[in-house]
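# Residue-level structure breakdown
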Amino acid sequence: MHSTILTLLIFIPVMGAVSIVAARSFRAKDSSHADSRLIALITTGVQLILSLWLYMSFDPTVSISESPFTVQVPWISSFNIEYFVGVDGLSMPMVLLTALLSFLCILCSWNINKQPMGYFSLFLLLDAGMMGVFLSLDFFLFYIFWEVMLLPMYFLIGIWGGPLRIYAAIKFFLYTLFGSVFMLLAMIALYFYSEPNTFNLITLIQTASSIDAVVWGFNVKYLIWIGLFIGFAIKVPVFPFHTWLPLAHVEAPTAISVILAGVLLKMGTYGLLRISYPLLPGEVASFAMILAILGVINILWGAVNAIAQIDMKKMIAYSSVSHMGYVLLGMASVVSTSTSGAQAGLNGAVMQMFNHGTITAMLFMLVGVLYDQAHHRWIMYPDDYKDKDLAGKPGFGGIGTKMPVFTAFVAFAFFAGLGLPALSGFISEAMCFIGGFSAFRTITVIGTLGILLNAVYFLRAYARVFLGPFNEKYSSLVDINFREVGMILPLAIITLVLGVYPKPLISMISTSVNGIIDIIQKVL
Amino acid sequence: MILSNLNSLIWYLPELTLLLTSIAVLIFDLFGRLRPYNAYLPYVGLIRSGIFLFIMGPSYEILFEGMIVNDSFSYFFKCIFLVSAFMIILLSSNTEKIKNVNNSEYNMMLIIITIGLFLMCSANNLVIVYIGVELVSLPSYILSGILKNDEKSNEASLKYVIFGSFASGLMLFGISWLYGLAGSTDFSIIHRELLVNSNPMMIYLTILLIMAGFGYKISMAPFHYWTPDVYEGSPTPVTAFFSVAPKAAGIALILRFIYSIFTVKGSFGNTEFIQSISWPQIMAIISAVTMTMGNLLAIQQSNVKRMLAYSSIAHVGYMLMAFTVLSSDAILAVLLYVFIYFFMNLAAFFFIVDVSNNTGTSKLSDYKGYASIAPISSAFMVITLVSLAGLPPMSGFIGKFYLFSVLFRESSFYWLAVIGILNSVVSLYYYFLIVKNMYLEKPSEKLKPLKPNKAILYSLIIFSSQNLLFYLYWTPLVEYFKRIVS
């Protein structure tokens with residue numbers, strides 16, 4: 001039964017997408033567009049229920065090789081490619097996050113009027129791709145799902161996005177593809193250098209470390225690590241590769257920004273943890289320092305850029321870059337000499353992946369709510385704004401008096417974003433820093449500056465938009481409605497509960513994460 | 001088994017049928033009463049030839065005292081040629097631009113080219129090689145110039161003639177050298193003689209000269225300059241045909257030529273080159289140059305036909321990657337890629353014909369907003385383009401995956417793999433220029449409501465849905481190619 005759930009999780013969205021197209025072609029052309037979004041809502045709802053069911057029956061203490069939560073069917077025998085999916089403590093939170101955010105995003109895009117059939121069917125395909133990435137335990141399958149997401153994403157940004165959507169879409173596509181082709185080469189190299197030749201990620205944990213060959217004067221494992229790292233780093237995005245992110249996030253429609261920041265960014269770090277870490281522990285050890293430095297650069301660079309932004313969505317996009325830096329720092333601390341430090345770091349990293357997914361989703365949704373009514377999201381109008389009277393003036397002001405409930409939610413989300421204690425972000429960030437401190441003292445101390453910088457931009461934006469004298473232009477704004485509360489409240493509850501009582505999340509991930517730590521600590 | 005001339009005829013029925021068809025098409029054209037049937041005659045001939053081919057099956061026979069080989073290798077290519085000729089004739093009858101040209105002349109040329117292609121893929125003698133190449137080339141010159149009042153078409157024809165005759169001259173020179181070295185034109189005798197010959201310099205030169213002739217047929221760099229102009233000027237169905245069938249034949253010819261003459265055992269699956277000639281290095285460089293040039297030049301094109309011309313050059317570059325390795329896996333990868341390329345390129349050209357029927361041109365800017373008037377065919381075009389770019393989940397990815405894995409399994413050309421993989425990123429950019437114009441741009445005012453053409457639509461759907469079908473389960477396909485290679 002459990003194994004059926006895994007397959008259903010991936011393929012229910014595909015069926016949903018097909019039935020949206022089918023429903024549209026069998027109905028008369030002038031019928032309402034409601035059925036597309038309804039089918040999408042039902043599909044993602046079923047997916048969410050299935051993933052919760054999976055979570056209920058999930059036993060986190062069983063390691064993946066003995067886990068009952070796997071399906072293994074031969075697919076292409078000549079290359080030993082299998083349809084091999086499964087969950088462990090590492091993928092379980094990501095599966096929950098994907099299912100939850102997909103469901104909420106359908107709610108979030110309820111009012112899409114432009115070609116809803118295309119929008120919702122592409123969204124469901126994207127959903128299937130994301131689910132597939134987190135469930136695959138066969139590298140070939142993983143790669144396919146990884147690439148399957150690109151095409152729907154291209155259209156979702158390119159057709160339904162903002163003014164620069166066409167450029168943003170192709171930039172996103174080319175950046176990600178550039179990374180993933182290196183991943184493809186690394187994958188083929190792993191296959192041919194391992195003995196026996198296989199794409200099975202569980203078998204490769206044993207066999208990949210014995211690869212011993214030299215190409216271009218480098219150890220092959222070293223090159224494989226770099227290939228994989230380029231692929232994953234672009235997705236995270238790690239500092240020099242991050243330039244696609246602000247553009248794509250800003251231009252994408254709200255729901256797609258949520259998915260991009262909430263799920264897609266996590267794929268990069270998930271890939272590192274699922275593939276690079278257990279397969280190439282020796283290279284992890286030698287790269288950890290670089291990883292930590294890149295993490296701290298991400299933290300600071302993202303935060304400094306966020307401070308400079310006057311567009312709320314762009315600010316949140318850069319805050320994502322900053323927050324993914326914490327994940328990298330936590331991941332780098334796996335080489336710490338103290339095991340408890342390594343555990344704190346890596347567990348913190350995985351928790352941060354989940355928590356950032358929920359918090360940033362909340363932030364993007366809230367900005368989307370405001371944007372739907374005000375049709376802009378400037379904190380300050382830019383100096384070269386096309387309307388000369390508005391240029392350089394504050395975009396909003398005193399919205400709090402007009403939309404009190406909405407403002408309360410925003411305050412909550414902003415505080416979660418800047419890592420206020422008792423909210424989930426604080427715990428995972430603190431754990432990342434604890435881990436980082438035990439491994440790389442100086443670097444981490446520099447990184448803690450990021451906490452301060454985070455507070456600067458969140459609080460300043462809050463003050464400029466929601467506090468102060470009320471801007472009379474916005475007297476027509478109405479407060480957040482029932483549907484919008486419905487999509488934000490679950491995320492807020494999760495943030496609060498995990499901030500006070502993080503044990504469910506920790507106990508879900510810790511066995512798998514500690515398994516990875518063991519593998520790496522062995523080679524130190 | 002080597003058959004005598006008379007006994008060979010029965011195994012030569014597919015070609016003979018085509019020959020009779022081409023003559024019949026001309027005769028039918030002379031009589032007014034028979035002329036209406038002329039539209040169907042080529043189909044009948046091609047199907048009849050296909051039936052003969054099917055009945056004979058992929059047997060192994062050497063015909064006409066060793067001039068021609070019938071084996072599963074040539075069988076596979078013959079099937080591809082027949083299907084593509086069939087589809088091209090179907091496509092031509094649905095193309096607005098060439099409705100006024102003389103039908104029988106056009107069809108006869110196509111069928112004669114098909115015979116030439118048959119010869120190319122089954123040649124076992126240098127003379128047959130030359131006859132095959134010329135039998136393909138001469139009607140091609142005429143076909144590319146068949147729009148007599150179109151300047152571009154005339155230019156295409158002229159350029160094709162000049163380049164083609166120059167290249168075949170070089171090839172003939174190479175053939176004569178080979179004859180001088182070995183004293184025979186038969187592949188197996190040449191192979192035996194070359195084994196004991198001790199002048200690798202001569203062999204190098206011969207290979208280079210002959211590869212000039214073959215390379216021009218498959219538009220391999222640096223013999224690719226004719227391709228964009230000819231592809232742009234020729235009527236679109238003819239371009240579609242050029243981009244698939246002669247390329248496949250050229251690939252087949254190179255494979256057979258190289259493996260049966262220049263390897264130690266003289267058969268497929270051999271992994272050693274005679275006289276330790278560094279063929280892999282040459283091929284690796286040619287391959288890298290071909291695909292990089294094709295892809296980089298394609299970016300700047302504003303005409304979709306021209307863009308696909310450069311893209312076809314790039315695809316040849318990908319296929320040449322496998323030529324750096326001498327092994328049965330390499331042949332398998334090439335055959336698989338030829339097969340997939342055949343489907344996806346034809347599908348892309350179906351769509352181009354569809355657009356030019358409606359807008360009159362194949363300029364990139366005329367594709368703006370095309371998806372809004374033709375949603376179904378546009379969606380399938382996207383599938384095709386994604387497949388051409390080699391992204392999963394499309395069969396183009398499988399083709400590339402096999403090519404790259406050959407490089408990793410057998411050789412040390414990792415730099416070639418890196419160049420190849422970067423090229424596929426570049427190619428995505430220009431393929432998605434088409435997608436961008438179709439989906440993301442506003443429709444131009446010129447765009448009128450669509451005149452739907454069922455034949456094109458259905459062929460497009462059939463040919464592009466293979467991209468998903470083969471992808472989902474390609475084991476039988478690979479098993480089939482394995483049997484061909486062994």
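The structure contained in this document is the topic of the report that follows.

Analysis parameters
- Residues numbered from 1 in each chain as written.
- Chains lettered and ligands numbered in written order.
- Predicted model: local features only at pLDDT ≥ 70, side-chain atom pairs only at ≥ 80, totals over all residues.
- Heavy atoms only, no water.
- Axes fitted to C-alpha atoms, helices over the stretch in contact; angles between N-to-C directions.
- Helix = DSSP H or I, 4+ residues; strand = E, 2+ residues; numbered from the N terminus.
- Parallel < 35°, antiparallel > 145°, perpendicular 65-115°, else oblique.
- Left-handed = near helix turned anticlockwise from the far one by under 90°.
- Contact = heavy atoms within 4.5 Å.
- Nonpolar A, V, L, I, M, F, W, Y, C, P; charged D, E, K, R; others polar.
- Buried area = accessible area lost by both parts, 1.4 Å probe.
- Salt bridge = Lys/Arg side-chain N within 4 Å of Asp/Glu carboxyl O.
- Polar contact = N/O pair within 3.5 Å; in protein donor to acceptor, adjacent residues only side chain to side chain.
- Buried < 20%, exposed > 50% of the residue type's maximum accessible area, 1.4 Å probe, protein only.
- Pairing = 2+ DSSP bridges.

### Remarks on the packing of helix 7 (residues 165-193) of chain A against helix 18 (residues 414-440) of chain B
Packing of helix 7 of chain A against helix 18 of chain B leaves a shortest axis separation of 10 Å and a crossing angle of 150°. When the axis of helix 7 of chain A is compared with that of helix 18 of chain B, the two are roughly antiparallel. For the pair helix 7 of chain A and helix 18 of chain B, the sense of crossing is right-handed. In this structure, helix 7 of chain A contributes A:Arg165, A:Ile166, A:Ile170, A:Phe173, A:Leu174, A:Leu177, A:Phe178, A:Val181, A:Phe182, A:Leu184, A:Leu185 and A:Tyr193 to the contact, and helix 18 of chain B contributes B:Tyr414, B:Ala417, B:Val418, B:Ile421, B:Leu422, B:Ser424, B:Val425, B:Leu428, B:Tyr429, B:Phe432, B:Lys436 and B:Leu440. Partitioning the contact of helix 7 of chain A with helix 18 of chain B into residue classes produces 21 nonpolar, one polar and two charged.

### Points about the interface of chain B and chain A
In this assembly, 34 residues from chain B lie in contact with 35 residues from chain A. Summed over both sides, the interface of chain B with chain A buries roughly 3300 Å², with 83% coming from carbon and sulfur. Sorting the residues of chain B by area buried against chain A places B:Phe401, B:Phe408 and B:Leu440 first, and these three jointly supply 20% of that buried surface. Inspection of the chain B/chain A interface yields zero salt bridges. The tally of links from chain B across to chain A stands at one residue pair in polar contact (both at pLDDT 80 or more). For the side of chain B that touches chain A, the elements supplying multiple residues, two or more each, are helix 16 (375-389), helix 17 (395-410), helix 18, helix 19 (454-472) and helix 20 (475-485) of chain B. Ranked by residue count, the leading element in the side of chain B that touches chain A is helix 18 of chain B, at 15 residues. Across the side of chain B that touches chain A, the residue classes break down as 27 nonpolar, three polar and four charged.

### Thoughts on the pairing of strand 2 (residues 81-86) of chain A
Residue and element names in this part refer to chain A. Burial analysis of strand 2 places six of its six residues in the buried class, which makes it a mostly covered element. Burial of strand 2 is two-sided: the residues Ile81, Tyr83 and Val85 facing one way and the residues Glu82, Phe84 and Gly86 facing the other way are all buried. The pairing of strand 1 (residues 70-76) with strand 2 spans six bridges and is antiparallel. By the bridge assignment for strand 2, Pro74 is matched with Glu82. Hairpin connection between strand 1 and strand 2: a loop of four residues separates the two successive antiparallel strands, and Asn80 in this loop has a positive phi of roughly 55°.

Structural measurements only, silent on function.
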